[in-house]
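Architecture at a glance
The primary structure of each chain is shown beneath.
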Amino acid sequence: MTEPRHDDTKLVQALDGMMGGIAFLVSYDLKLFEVLGRGSQTASELAAKLGISERPAEALLSVAAAQGFVHCSNDMYTLTPTAEEYLLPESPTYYGPMIDLRMAAMPVYTFETLKNSVLSDIPQAYGGRDVFEGNAADFTRAQVFTRAMHCWTSVAARERILLGLPSGGPSLRPRCW
């Protein structure tokens, strides 16, 4: 057998990244971050508060820890400062509306949808329609989109104000779009 010449970490990350993203969305949807925001918990305590079994709670906590949102010490889980800043509704930099938009778009996050988009050169998120046409046709979708864009631009605006930069222009950090 030939030994590999390169580390396969990037390959594993590429293949497992989607599941980590979905696990993050499930944790958010189940309010895992909000519950941990009220104080340190064991996996068992958290599972009881979320209404799930301990094994899946441990799995979600492990993923959240690997992503840098949860810290574990002596079997007690706490939020990291990043999670406190972006994942708690009471935070002025709460990213919830952007996460809600991602969750609403989950039906289009499939291999076939992306492949169709690449092959046809037609965005699939709004059934091939323009984003604004799609939002005009669906009031609920338009609300989710508007809240997400407000959240996104609010964080970018705060960055610029804190650094004394003029308004407008690109955000200081890369965005997910």
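Above this text you will find the structure in question.
**Things to note about the pairing of strand β2 (residues 76-79)**
Judged by which residues are buried, β2 turns out to be one-sided: Y77 and L79 face inward and are buried, whereas M76 and T78, on the alternate face, are not. Both strand β1 (residues 70-73) and β2 contribute to a ladder of 4 bridges, which runs antiparallel. Across the sheet, the residue bridging to H71 is T78, located in β2. Turn length for the β1-β2 hairpin, with the two strands adjacent in sequence and antiparallel, is 2 residues, and the turn residue N74 shows positive phi of about 55 degrees.

**What about the packing of helix α1 (residues 9-29) against helix α6 (residues 96-104)?**
Taken N-terminus to C-terminus, the directions of α1 and α6 make an angle of 120 degrees; their axes are 11 Å apart at the nearest point. As judged from the angle between their axes, α1 and α6 are oblique. In this structure, α1 meets α6 at a crossing whose hand is left-handed. For the pair α1 and α6, the contacting residues are F24, L25, Y28 and D29 in the first and G96, I99, D100 and M103 in the second. Residue classes in the contact of α1 with α6 are distributed as 5 nonpolar, 1 polar and 2 charged.

**Overview of the nonpolar core**
Residues L32, F33, L36, L61 and V70 are the most contacted members of the largest nonpolar core, which totals 28 residues. Not counting the four nearest positions on each side in its chain, L32 is found in contact with S27, L46, L50, L60, L61 and V70.

**Structural notes on empty space enclosed by the protein**
Throughout the structure, instances matching the rule amount to 1 cavity of 30 Å³ or more. There is about 30 Å³ of room inside the largest cavity. Lining the largest cavity, in full, are Y28, K31, F33, E34, L87 and Y94. Taken together, the residues of the lining of the largest cavity break down into 4 nonpolar, no polar and 2 charged.

Rules of the game
- Residues numbered from 1 in each chain as written.
- Predicted model: local features only at pLDDT ≥ 70, side-chain atom pairs only at ≥ 80, totals over all residues.
- Heavy atoms only, no water.
- Buried < 20%, exposed > 50% of the residue type's maximum accessible area, 1.4 Å probe, protein only.
- Helix = DSSP H or I, 4+ residues; strand = E, 2+ residues; numbered from the N terminus.
- Pairing = 2+ DSSP bridges.
- Axes fitted to C-alpha atoms, helices over the stretch in contact; angles between N-to-C directions.
- Parallel < 35°, antiparallel > 145°, perpendicular 65-115°, else oblique.
- Left-handed = near helix turned anticlockwise from the far one by under 90°.
- Contact = heavy atoms within 4.5 Å.
- Nonpolar A, V, L, I, M, F, W, Y, C, P; charged D, E, K, R; others polar.
- Core = buried A, V, L, I, M, F, W, Y, C linked by side-chain atoms within 4.5 Å.
- 1 Å grid on protein atoms, 1.4 Å probe; cavity = no way out; pocket = protein on both sides within 12 Å on 5 of 7 lines; lining within 4 Å.
- Points joined across faces, edges and corners; volume = space filled by probe spheres on them.

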